[in-house]
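The primary structure of each chain is shown beneath.
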Amino acid sequence: VISFLHGLTLPSQGSGSTQMTHPSGWRPPPLIMTCLQTCHWSMLAPCLAPCMISYADVCFWQTDYYYEYTECDSTGSRWRVAIPQTPGTCSGLPEPVHGTECTFSCKAGEFLEMSAQQCTQCAAGSYSLGSGIRFDQWDSMPVGFSSMATSMENDPHRDESGGMFSAWLPQGNYLESNRDECTVSLIYAVHLKKQGYVSFDYQYPDNNLEFEFFIQNDQCQEMDQSAENKWLKLTHHGEWATHTVNNIYLPFISSSGVAYTSECFPCKPGTFSRVPGSSTCEPCPRDTFSDHGASSCTPCNIATQYSKGSAACKERPPCSKKDYFQIHTPCDPDGKTQIMHKWIEPKICLEGVPGAETLPQSGEREPCPQCNPGFYNDTPTCSPCPPETYSDGIKPCERCPAGTEPILGYEYKWWNVLPSNMKTSCFNVGNSKCDRMKGWEVARDHIHSGAGSSDNDYLILNIHVPGFKLPTSVSSQSLTEFGRITFEFETMCTADCEFYFMMVRKSLCDVFVFTMQKTNKRQTYTHVMTKNASVSYTWTFQRTNQPSAVRRYVNDVAKIYSITVTNALDGVSSGCQACALSTLPSSSACVPCPPGHYIDTHSSKCVECPPNTYLAPHSAAGPDACQPCGPSSKSDKDHRQCYSDCQFTHTDGNVTLTFNFSLLESAVSLMNSPKFTSKGTKYFHVFNISLCGEQGRLAMCTDNVTDLSVSNSGRENDEGPSAVKSFICQSTIIPASGRGFHTALSSQSINLADTFLGATVDDSLAGIKASPELFPQTSKKVPDINFFYRSLEATSSCESGRSAVVTLRCNPDKSANGQLLVPSLCSEGTCDGCTFHFLWESSGACPICTERDYHLIEGVCKGGHQDMLYVWTEPKQCIGGVALPEKKTLPCEGMEYWIRFGAGIGTFTAVLLISLTCYFWKKNKRLEYKYSRLVMSANKECEMPAADSCAVMEGENEGEMDDDVVYSKPSLFRKLKAIASKVRVSFTITNRILM
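Residues numbered from 1 in each chain as written. Predicted model: local features only at pLDDT ≥ 70, side-chain atom pairs only at ≥ 80, totals over all residues. Heavy atoms only, no water.

S.K.: Could you clarify how one ought to interpret the state of the cysteines in this entry?
M.R.: Disulfide: a covalent bond formed between the sulfur atoms of two cysteine residues. Evaluation of the coordinates by the stated rule reveals 21 disulfides. In this model, Cys267 is linked to Cys281 through a disulfide, with the two sulfur atoms separated by 1.9 Å. The chirality of the disulfide connecting Cys267 with Cys281 is left-handed, given an S-S dihedral of about -80 degrees. Note that Cys267 is positioned in the loop between strand S17 (265-266) and strand S18 (271-272) and Cys281 in the loop between S18 and strand S19 (282-283), a separation of 14 residues in sequence. (Disulfide = S-S within 2.5 Å. Helix = DSSP H or I, 4+ residues; strand = E, 2+ residues; numbered from the N terminus.)

Spelled out as C-alpha cells, the structure:
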C-alpha cells in the first residue's frame, strides 16, 4: 500500500485541498484518507504503516470485494452492494447505492463495469455477447453447470464439479456425456431478466441413445414468458444394445436474456481478438498459435514446426505412408485419367529427413471410365441428358419413343468425379483440423473414405434429393412407395469402425439411421421412401470413436460401389418405360392411369387390375403387374395392398368352419416383461399389431427420443419426429419414473410387417414358417389360424427382411380382446431375430356357431306332454352365429297305454313260444323213434341185401312200425350198450355221408 501511495500527487501547500490523485485515476479509500489526515506529509511512510495496521480487517482494495445487484423490487429498482470475496474477512465495505434499471444490458462487445455502473468495451483478447453468455472452452465445468445422475434406487445424486463416475465431463474443446448406461442430466442454471434464446451445438451419433432437452423455471414447471429463473436440462441415457456406447458431445452452449454481463470472456487458446469491443474471437491462421486471452497470434518456425491454429507449435515429424493418399485425376481433354498421390492437407511432415517417405510415382494414363447412365460424353466431362431424353452412358442422348416416358433417377456406378449433387466433408467435434478436408475420394469404380486428420474423424458423403416424381402413368396411384435408394458397399476395418447411413427429411423432422460395424462383405442395402418430401441421404464412416493423437487405423476404409435413386425429381433418364396414351385422336401424350390400373402394352390403355389383386410397385406394363393376394385376403379399392377383412373359412371333410374376427380388428399392444441392463435400467419392448379390418388401418409406433414437444394428437397424425406405420411394429420404452426423464421415452421403432401375405391353417406360407411347438395346443377341435406378414426392409441379419406370424387360437374362457403372448422360449418375440411369433388367444377367434354345435334333450312325458330342450355341445367352442332353438312342448302318450300294449305283446309272445315248444317236442320224439329203429336194425346179425340207404324215410310204413313196436323198460346194461351202438351208428352214418 505504501509503495502504491508513492505515486500519489499531493495537493500543494496552502491550497486548502485534501484531494490526492494517481496516474491510474485511482482515489484512496476513505479509511486511508483518515490515516493520511493524522500524518504529516514529510513522515508519510513511518506514520501511515502503524495506522494501516490498526485497520487490518478493513477492505481497502476492490480486489477484496465485488459488486452485485439486489433482486428487483416491485418498482423495478435495485441496489448495488459490495460483497467480500471471502465472507467475514473484512469490513468497511462501500455503502449500497442505487443500481441501474432491471432491464438494463450492454451491447455485444461490452460489459457492465460495476464500480461506475457503465458499459465498458472489452479489452483486446476478450469478447462479450452483451446480454448473453457463451461456453465453448471446457477445461473445467463452468459456474452454474452441474450433473445429476439417477441411481438404480431412483435416488438422484448431483455433482457440481462433474467429477462423479456417471457425469458430463469437460474435455477441453467439448463437453462429453457419460459412457455407461446411467441416466445423467446436465443442468445449467441462469437468472434471466428478458426474453432471449438458448443455443447449443451437439453431436448425436447413435439413434440408440436417449437425448432429451427442455427448459424449466425454478418451480420445475414448463417455461413460460413470465418465469425469471430458468435452467437448461440435457438428459442423456446410455443405450442397452450390444455394441459400444457412443457419447453425446456438446462443443458450444450459449444463452441470451441475462440482464447484464459483468465481465468479458478471454479468447481461448488458438483464437484472438485484435481490437477492443469484440463480440467474437477469430481462429489463428495456419502455422500460428496463441495463448489464453491473446490479442494476436504468434508465427511458428515453419521450417521445423507447424500449427493448425492451436495453443502451441509442434515439431514436424518425418513423412510416412499415413501422410498421403491416392486419387484418380479428372479426365483431361484427351479423355485420360491416372492415379496420383497427394499429401494430406495441411501438410505437417518433413521430407528429406532420415526415415521420411516420399510420394509414390503417378500411375500410367488410362482411358476414363464411361459416363453414368443418364449422362453423355462431353469430353472431358460427362453432362446430363436434356429433359425427355435418355442415355445408357455410352450412346448419345435420344428421345423416348411414342407411348413411353423417361425413367427418372440417379444411377452412379462410375466414379471419375464427384457428382454435382453430392458433397463430401470431414467433421470432428473436438478437432477442427479436418473441417477443410475431403471426407471421401473417387476411385474409378468406387468411392472410398478419405484419410482425414485423425482416426476418430467423421468422414461424410451427402446427396440431396429435392423430392420425388412418380411416372405419369402411376402419378395418381395411392402408392406406399414414392422412390427408393439402393447402394452397394463394403467395409474393411481392424478396429471398432462404424458405417452410418442416414436419411433426413427436414420438412418432417425425420431421421432414419442404418449402422454397420467392423468389417462387412460387399452387400446391397435398400431404403424405401414412403412420403414425398425433400430428403438428404448421408453416409458417414468413423474408424474409431476413441480420440488419439497417433494414427493407427488409417488403412481402415469404407467403399461404396454404386448408388441408385429412383423417381428423383431432378434426376436424369437411363431408359424409357411404357405409358398410357391419351384417348384423344392424334395425341401421343402420356396420361396417368387411375388407381389400381395397369398399362395394356397392346392398346396403351389403362386397364383395372382384377379383383383381389394388387398393383406391384416398379413392375413392368401388362397384366403381370397385378399380383394376386394371398389366401383369405383381398385388395383395397385402389389395388395398393392386400389386407384381411376379418372373415375366414376352413373346410375339413364335410365340416366347414366360418370365422368372423371383427372383434379383433382394433389395433392392440403387447408389452413384454421388463428387462434390465447390467446396471439396472428398466426397459420394455412394446409390439403394436393391427390384424384386420377396414382398408388402410395400420398400427403405429412413434419415436420421441429427440423431440418430446409433439402433442399426442400430433403423433396420431404422424407429425412426430419419427413414426412407423405398418401391420406390426415394435418400440422400446423406458419408463419415466425414477430415471430422470421428463416423460416416458419411446425409441428404436422398427417395422416388422408392412405386407399381409394371407391367413391359413397351414404352418407355412410364402417361405415363412410358423412354429406350433412354441405354443402347444391342448385341443385340436378348432384349428389354429396363422396370419403371415412380411417386411421388405432388409437388415444386416435379415437380408430378405423381417417376417411375422400371428397365430389365432379359440379360447372361450378369454374375453373378446383376449390375451396376446410371445413364446416363452423367446421372450423378445423372435428366436432368430428375423421371424417374430405371436399367439392371440381370444373368444373372438372361435368359429361362428352352427346347428352342429348343439343337440336335443327329450324330457319325460307327463300328463300327455313332453318337453324338447336344445343345449350347446360341451365344451362350447363357437360364438355368435345361430342361436339355440326355443324349448318345445309336444303331446305324448301316457305310461298306462304303453303298459297295456306291452302286456298284450307279452301274452302273444308267451302263447307263441309255448306252441313252438310243443311242436318241436313232438318233432323231436318222432326223430328219436326213427333213430331207435335204425339202431335196432344195425344190431341184427343177419345177411341182408345191400341197401342204398339205411335210413327209414319219413312217412314210410309208419303204421306198420307202430304195430310192431313193443315198449319195455331196458336194463342198465342195455342202456349203456344202446348208447355205444348209437355212437357207432352215428360214426358209420357220418362216414357214409362224407364218402
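We are not done yet, so read on.
S.K.: Looking at this structure, I do not really get the pattern of salt bridges. What am I missing?
M.R.: Where charged atoms of side chains with opposite charge meet at close range, the side chains can pair. Following the criterion strictly, the structure yields 16 salt bridges and no others. Put simply, Arg365 and Asp334 hold a salt bridge, and the shortest N to O gap is 3.7 Å. Note that Arg365 is positioned in the loop between strand S26 (339-343) and strand S27 (366-367) and Asp334 in the loop between strand S24 (324-328) and strand S25 (336-337), a separation of 31 residues in sequence. According to the relative accessible area criterion, Asp334 is exposed, its value standing at 61%. Residues Arg522 and Glu488 are paired through a salt bridge, measuring 2.7 Å at the closest nitrogen-oxygen approach. Of the two residues, Arg522 sits in strand S40 (residues 520-529) while Glu488 sits in strand S37 (residues 483-492), which places them 34 residues apart along the sequence. Note on Arg522: relative accessible area 45%, which makes it partly exposed. Each of Arg286, Asp287 and Arg316 takes part in a single network of salt bridges with overlapping partners. (Salt bridge = Lys/Arg side-chain N within 4 Å of Asp/Glu carboxyl O. Buried < 20%, exposed > 50% of the residue type's maximum accessible area, 1.4 Å probe, protein only.)

S.K.: Please clarify how the pairing of strand S61 (residues 755-760) should be interpreted in this entry.
M.R.: Of all six residues that make up S61, five are buried, and the element is covered over most of its length. With five bridges joining them, S61 and strand S64 (residues 785-790) adopt antiparallel strand pairing. Within S64, the residue paired with Gly758 across the bridge is Phe788. (Pairing = 2+ DSSP bridges.)

S.K.: Help me understand unusual backbone geometry in this model?
M.R.: What is expected of a backbone is that most residues other than glycine have negative phi and most peptide bonds are trans. The omega angle of the peptide bond from Glu874 to Pro875 is -5 degrees, so this bond is cis rather than trans. As for its placement among the helices and strands, Pro875 is situated in the loop between strand S69 (865-872) and strand S70 (888-891). Of note in this structure, Glu388 is not a glycine but carries a positive phi near 70 degrees. Structurally, Glu388 can be placed in the loop between strand S29 (381-384) and strand S30 (389-390). Unlike most non-glycine residues, Ser604 shows phi in positive territory, near 55 degrees. With respect to the element layout, Ser604 can be found in the loop between strand S46 (597-600) and strand S47 (605-608). Assessed through its relative accessible area of 17%, Ser604 is described here as buried.

S.K.: Just checking my understanding: could you explain the nonpolar core for this structure?
M.R.: Most often, soluble globular proteins have nonpolar side chains that are buried together. Counting residues in hydrophobic clusters, the biggest one holds 43 residues, and the most contacted among them are Trp440, Phe499, Tyr537, Trp539, Ile560 and Ile563. Residues Leu664, Cys692, Val782 and Trp840 belong to the second largest nonpolar core, which totals 33 residues. (Core = buried A, V, L, I, M, F, W, Y, C linked by side-chain atoms within 4.5 Å.)

S.K.: Sorry if this is basic, but what is going on with the pairing of strand S65 (residues 803-810) here?
M.R.: When a strand is regular, its side chains alternate between the sheet's two faces. With eight of eight residues buried, S65 lies mostly within the body of the structure. Residues Ser803, Val805, Thr807 and Arg809 point to one face of S65 and Ala804, Val806, Leu808 and Cys810 to the other, with burial holding for every one of them. Bridge count for S65 against strand S67 (residues 835-842) is eight bridges, and the pairing is parallel. For Val806, the partnering residue across the bridge sits in S67 and is Phe838.

S.K.: Which parts of the structure should I look at to understand the packing of aromatic side chains?
M.R.: Given two aromatic rings, their pairing is described by the distance between the two centres and the angle made by the two planes. Inspection of every chain in the model, using the stated rule, returns 31 aromatic pairs. Ring centres 6.1 Å apart and planes at 65 degrees place the aromatic pair Phe501 and Tyr525 in the edge-to-face group. Residue Phe501 is located in strand S38 (residues 498-505), and its partner Tyr525 is located in strand S40; the two are separated by 24 residues in the primary sequence. Using a relative accessible area of 0% as the deciding quantity, one classes Phe501 as buried. Judged by its relative accessible area of 6%, Tyr525 falls in the buried class. Ring geometry for Phe661 against Phe787: centres 5.9 Å apart, planes inclined by 65 degrees, an arrangement best described as edge-to-face. A residue pair is termed long-range when its members are at least 10 positions apart, and Phe661 in the loop between strand S53 (655-660) and strand S54 (668-671) and Phe787 in strand S64 qualify at 126 residues. Comparing Phe661 with Phe787, the two get one shared label, buried. One aromatic cluster is present, formed by Phe487, Phe489, Phe499, Phe501, Tyr525, Tyr537 and Trp539 through successive ring pairs. (Phe/Tyr/Trp six-rings, centres within 6.5 Å; stacked < 30°, edge-to-face > 60°.)

S.K.: Honestly, the side chain of Ser842 in this entry has me stumped. Any pointers?
M.R.: Relative to the elements of secondary structure, Ser842 occurs in strand S67. For Ser842, a relative accessible area of 0% translates into the label buried. Polar contacts involving the side chain of Ser842 include one to the main-chain carbonyl oxygen of Ser815, which spans 3.3 Å. Dropping the residues within four chain positions of it, Ser842 is found in contact with Leu664, Arg809, Cys810, Asn811, Lys814, Ser815, Ala816, Asn817 and Gly818. (Polar contact = N/O pair within 3.5 Å; in protein donor to acceptor, adjacent residues only side chain to side chain. Contact = heavy atoms within 4.5 Å.)

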